[in-house]
Structures are given as structure tokens and as C-alpha cells.
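# Structural overview
This is what each chain is made of:
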Amino acid sequence: EEVEEWPKDERLEHEKELLGFYVTGHPLDKFRGIVDSDRFCRLGLLDELDLSDKRARFPFAGLIRKVEHRTTKAGKPFGILEIEDFTGSSEALCWPESYMPAREAGLLTPGKVIGFKAQVLVDDRTESRKLAAAGLKELKPRRGSNGKGPLELSLWMARHDRGTLEEIHTVLTAHPGKTPVWLHFQSGSGQRVTVECGEEFKVTRSPDLEKALAKWV
């Protein structure tokens, strides 16, 4: 009996739960052009940030994996978020002045992808770092219905091989055009490399092309 394949998001959630890391993709793949851009700091590199300016606020973006709703001693609500990007994850405190607008906007939900500014807090005892987040905003995938920008494909080293590249090559060359193609290669440890394909691999967007490349978009 043929078993129906899990939807991508559900499959990735099971991978994370069972293995502790993703194997066949990442929930943020659709947001890579935004989250992985120079606009935001990397959560996995939090320990490398220069904190000499105590007033500094750093931009971050990522997926909300977990939310704990708490109350201060004064009775005001606040939240503790677990935020994840392609490089790692971090705890982010969301104090009442930021928590309440975010809650009213429906942002404090696991699975939401957000951008925010944060102060980096250092624990005096352990020297570990965490974030105090403010100005939370929901992020949307860069590629809209107008199809502008490069066509971005994500390949995971644990799952894809030479045969995958040959399959992609066949699809791309069958749809010549002017849209550039980027290939993002990612390992389970968070290492990643982006390759911009040559002129001969530029394509023309179409429903047929999108369908043929759907498992890598």
C-alpha cells in the first residue's frame, strides 16, 4: 500500500523532534533571501558580537519555535521566546512593552517568522548570552506573485547528490530565459554555501518550471 508523504513542514518538525536537527530542509527555506541577508545578525554567532556599546541594539530574524507566557511580580505579562535561524537558536525575552503589541498582532505563535531589534544580555555567572527583543514584526517571503528576483533553490548535503544536480540541470536548461538561479547548499551543522549559476542557466519563470522545481524551492 502506498503511503502518502508528509507535508514538508510536518516532515521537518518530526526530524527536529526525533534527531535534534533538520535533514531534508529547513522551515526557513522560503525566507532564506531575507533571514540570511546582511540585514540581520546571526543567532549562531551571538558570542562574537561586540558589546562595547552597552546601548547597542542588534537586528535579528528567525522562526519562533517556542513561546512561554509569563507574568512579572507586578502582574504584567511578558514572554520568553525560542528563536531559530539557519545558524542556531537563542532565548529572547519579550518584556511587557514589546510583548503586549506583539501578542495583539498575533505574532507570538510557534512557526511565525519575525524580525526584531534586541539588546544582548550577558549572564554575570555563566557569561552566556541571550536577547531582550523589541519591535517584533512578521516577515514575509521575499518572492511574491510577481516572481521578481533570482530563483533560489535549497539543497541539503545529507539528502542530495550528483543525480539531484543533473536533474536540476535538465529542468533549468529546458526553460531558458533571463532570471538568475542561486543554489544554496546547507549541511546539518548549519554550514552553508551559495552558488550563483552561470548565464547559461538563467530561466523563464512559468507554472511548469515552478512545479518541476517545487521540492527544492
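Residues numbered from 1 in each chain as written. Predicted model: local features only at pLDDT ≥ 70, side-chain atom pairs only at ≥ 80, totals over all residues. Heavy atoms only, no water.

### Here we look at the packing of aromatic side chains
Inspection of every chain in the model, using the stated rule, returns two aromatic pairs. Ring centres of F78 and W95 lie 5.2 Å apart, and the angle between their planes is 35°; on these two criteria the pair is classed as tilted. Taken as a pair, F78 in strand β2 (residues 77-84) and W95 in the loop between β3 (89-94) and α3 (96-104) lie far apart in primary sequence, 17 residues in all. A relative accessible area of 11% places F78 in the buried class. Residue classification places W95 among the partly exposed positions, given a relative accessible area of 35%. (Phe/Tyr/Trp six-rings, centres within 6.5 Å; stacked < 30°, edge-to-face > 60°. Helix = DSSP H or I, 4+ residues; strand = E, 2+ residues; numbered from the N terminus. Buried < 20%, exposed > 50% of the residue type's maximum accessible area, 1.4 Å probe, protein only.)

### Points about the pairing of strand β6 (residues 151-156)
Within β6, six of the six residues are buried, which leaves it mostly tucked inside the rest of the structure. With burial as the criterion, each face of β6 is covered, one bearing L151, L153 and L155 and the other bearing E152, S154 and W156. Across six bridges, the pairing between β6 and strand β8 (residues 181-186) is parallel. Directly across from W156, in β8, lies its bridge partner Q186. (Pairing = 2+ DSSP bridges.)

### A few points about the sheet that holds strand β4 (residues 113-122)
Within a sheet, neighbouring strands are paired by backbone hydrogen bonds and run either parallel or antiparallel to one another. An order of β1-β2-β3-β5-β4 is seen for the five strands of this closed barrel, with the pairing classed as mixed. Neighbour-to-neighbour, the strand axes of this sheet turn through a mean angle of 50°, independent of strand direction. Note that β2 and β3 share six bridges and pair antiparallel. From the neighbouring strand, E84 faces β3, where its bridge partner is S89. α3 contacts β1 (58-71), β2, β3 and β5 (129-138) of the sheet and is inclined by roughly 75° relative to β2. (Axes fitted to C-alpha atoms, helices over the stretch in contact; angles between N-to-C directions. Contact = heavy atoms within 4.5 Å.)

### Brief notes about the nonpolar core
With 25 residues, the main nonpolar core has F60, F116, L131 and L136 as its most contacted residues. Of all the secondary-structure elements, those providing two or more residues to this core are β1, β2, β3, α3, β4 and β5. If we skip the residues at most four places from it in the chain, F116 touches F58, P59, F60, I83, L131, A133, A134, G135 and L136. Ranked by size, the runner-up nonpolar core spans 14 residues in total, among them V181, V203, L209 and L213. (Core = buried A, V, L, I, M, F, W, Y, C linked by side-chain atoms within 4.5 Å.)

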